[in-house]
Amino acid sequence: MSFRRTASYVWFNAVMGATRGLPDLTVVLRLRGALVRPCFKRCGKNLQIASNVEVTYTTHVDVGDDVFLGRGAWLMGYGGITLEDQAMLGPYTVLAASNHTKKDRSYRFGPPTGEPIVLGRGVWMGAHAVVTQGVTIGAGSAIAAGAVVTRDIPSDAVAGGVPAKVLGSKPTELRPSIN
């Protein structure tokens, strides 16, 4: 394990532990984000992090501007994770950019594999959604709560289910309704 990766991991967990008891007010979300910025491969401005977020392999995670990580989100960055600008992770979202393999008929000591996960600009992940290694979710897409995303999702799609599939699409911009 490299010194930078170890120091980043320790610092991230120290910040999260020290701020665990603080309420998830915007000022606290921004404070956490500002304090952990150096831990990431790259980190844009205005990162907001809710309480109980866990990130492993922070140095393999690339974070854009205005990203929000909801309460209890878990990011396993081994294979690389990119969160483009304005990506939003709901509570207890899981991004697992790695997987286990078997060795001697057991998963316990098999070497890990890793493939990158990419969340495009403005992606919204619902609560308890899971994204597995090697998946790209296109810009402007919404993933339903509880979905398990195992394949790429195109831009501006709404996807849900286990495994997730495209359920429909959303317009790229909301238009005011005329009543």
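Residues numbered from 1 in each chain as written. Predicted model: local features only at pLDDT ≥ 70, side-chain atom pairs only at ≥ 80, totals over all residues. Heavy atoms only, no water.

### Observations regarding the pattern of salt bridges
Okay, step 1: Counted by the stated rule, this structure contains 3 salt bridges.
Okay, step 2: Between aspartate 24 and arginine 32 there is a salt bridge whose closest N-O contact spans 2.9 Å.
Okay, step 3: Overall, the relative accessible area of 34% leaves aspartate 24 in the partly exposed class.
Okay, step 4: Residue arginine 32 is classed as buried on the basis of its relative accessible area, which comes to 0%.
Okay, step 5: Between arginine 42 and aspartate 62 there is a salt bridge, with its nearest N and O atoms 2.9 Å apart. Here the residue arginine 42 occupies a position in strand E1 (residues 42-43), and aspartate 62 occupies one in strand E4 (residues 61-63), the gap between them amounting to 20 residues.
Okay, step 6: Taking the relative accessible area as the measure of exposure, arginine 42 reaches 42% and is therefore partly exposed. (Salt bridge = Lys/Arg side-chain N within 4 Å of Asp/Glu carboxyl O. Buried < 20%, exposed > 50% of the residue type's maximum accessible area, 1.4 Å probe, protein only. Helix = DSSP H or I, 4+ residues; strand = E, 2+ residues; numbered from the N terminus.)

### Section: the environment of serine 106
Okay, step 1: The residue serine 106 is located in the loop between strand E10 (98-99) and strand E11 (113-114) in this model.
Okay, step 2: Looking at serine 106, its side chain comes within polar contact range of the main-chain nitrogen of arginine 108, at 3.1 Å. (Polar contact = N/O pair within 3.5 Å; in protein donor to acceptor, adjacent residues only side chain to side chain.)

### Quick word on the pairing of strand E18 (residues 157-160)
Okay, step 1: Alignment of strand E16 (residues 142-143) against E18, held across 2 bridges, turns out to be parallel. Its bridge partner lying in E18, alanine 142 is registered against valine 158.
Okay, step 2: Relative to strand E19 (residues 165-169), E18 runs antiparallel, the two being bridged by 4 bridges. The partner of glycine 160 across the bridge, within E19, is lysine 165.
Okay, step 3: Between E18 and E19, which pair antiparallel one after the other, the connecting turn spans 4 residues, and glycine 161 there sits at a positive phi close to 105°. (Pairing = 2+ DSSP bridges.)

### Description of the side chain of arginine 32
Okay, step 1: Looking at the element boundaries, arginine 32 is found in helix H2 (residues 26-36).
Okay, step 2: Setting aside residues up to four positions removed in sequence, arginine 32 forms contacts with Val15, Met16, Thr19, Leu22, Asp24, Ile49, Ala50 and Ser51. (Contact = heavy atoms within 4.5 Å.)

### Overview of the state of the cysteines
Okay, step 1: What the rule picks out here adds up to 0 disulfides.
Okay, step 2: Here cysteine 39 stays free of any disulfide, with the sulfur of cysteine 43 as its closest cysteine sulfur at 9.1 Å.
Okay, step 3: Looking at cysteine 39, the relative accessible area reads 1%, which means it is buried.
Okay, step 4: The class for cysteine 43 is buried, based on a relative accessible area of 11%. (Disulfide = S-S within 2.5 Å.)

### Considerations on the sheet that holds strand E13 (residues 124-125)
One key point about sheets: their strands pair by backbone hydrogen bonds, in either a parallel or an antiparallel sense.
Okay, step 1: The 7 strands lie next to each other as E2-E5-E8-E13-E16-E18-E19, forming an open sheet whose pairing is mixed. In this open sheet, the two strands that pair with only one neighbour each are strand E2 (48-49) and E19.
Okay, step 2: As judged from the 2 bridges shared by E2 and strand E5 (residues 68-69), these two strands associate in the parallel manner. Among the inter-strand pairings, isoleucine 49 is bridged to a residue of E5, identified as leucine 69.

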